Amino acid sequence: LGCWTSLDNEITSELLALSGFDFLLIDHEHGYGDSLGITRQLQSIKETNCSALVRMPKDDEVYVKKTLDTGVNSLIFPAVNTRKEAENIVEMCRYAPNGYRGFAPGMIRATDYGLNVTNYLNNIEKNLLIVCQIETAEGVSNIDEISKVEGLDMLFIGPMDLSMNIGKFGQFEDSFFIETMEKAKEKILK
């Protein structure tokens, strides 16, 4: 059970974590904040059983690298429409030879500032969770190809943006919207 937060506030994040949520989705697509804010929020929930998942502004390589460097290992990317976009996302999240993420082991929180480099490198690939949001008709039509990308762990339908994209903003009872959602659901489950 998770909670969506966009406030960039470590006290709010700590209270949510202490309330018993399993994860917080820290929203940097529409929410406030930067990588320093993510670090403060991670520090505030460190002594709880709550994990962090960060929604990226988009597939910005520098922002992705800085976010992963904070120690977050779960990222969600909005509006992924093609297999190529999904492949690029996975590659920017992974180190060579599986990707092209840069590495500065002694400078990043993820490695305990260089004190835990080997453990981080040995575990990041298996601990990394990469989620792509499907939020357009194009994305729905490409689910079969997007889901073939190795290293992509989950597809998440964004109903608000999908409804807007297909010309049915907020009309969640509309038959065309329901049909589009069902089509996406079937493809994802397949």
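Remember, predicted model here, so these are calculated numbers, not experimental data.

A.B. asks: For helix α9 (residues 175–189), give the residues involved together with the corresponding values.
C.D. replies: In this model α9 runs 21 Å from its N-terminal to its C-terminal C-alpha over 15 residues, within 8% of the 21 Å that 1.5 Å per residue would give. Elements that come into contact with the buried residues of α9 comprise α6 (137–141), α7 (143–146), β6 (154–157) and α8 (159–165). Measuring from the side-chain oxygen of the N-cap residue of α9 to the backbone nitrogen of Phe176 gives 2.8 Å; that N-cap residue is Asp174.

A.B. asks: Provide a residue-level description of the side chain of Ser44, including the pertinent values.
C.D. replies: Checked against the element boundaries, Ser44 lands in helix α2 (residues 35–45). Polar side-chain contacts of Ser44 include one of 3.0 Å to the backbone oxygen of Glu10. Those residues in contact with Ser44, other than ones at most four positions away along the chain, are Glu10, Ser13 and Glu14.

A.B. asks: Any details on helix α4 (residues 83–93)? Residues and values, ideally.
C.D. replies: Among the residues of α4, those classed as buried are Ala86, Ile89, Val90, Met92 and Cys93. The arc that holds every buried residue of α4, seen down its axis, measures 165°, which confines them to one face. In the core, the buried residues of α4 are packed alongside α3 (61–69), β4 (74–77), β5 (129–134) and α7.

A.B. asks: Quick one: what's the story with the state of the cysteines, residue by residue and with numbers?
C.D. replies: One pass over the full model with this rule turns up 0 disulfides. For Cys93, which is in no disulfide, the shortest distance to another cysteine sulfur is to Cys132 and amounts to 8.7 Å.

Calculation notes
Residues numbered from 1 in each chain as written. Predicted model: local features only at pLDDT ≥ 70, side-chain atom pairs only at ≥ 80, totals over all residues. Heavy atoms only, no water. Helix = DSSP H or I, 4+ residues; strand = E, 2+ residues; numbered from the N terminus. Expected span 1.5 Å × (residues − 1). Contact = heavy atoms within 4.5 Å. Polar contact = N/O pair within 3.5 Å; in protein donor to acceptor, adjacent residues only side chain to side chain. Buried < 20%, exposed > 50% of the residue type's maximum accessible area, 1.4 Å probe, protein only. Arc of directions from axis to C-beta. Disulfide = S-S within 2.5 Å.

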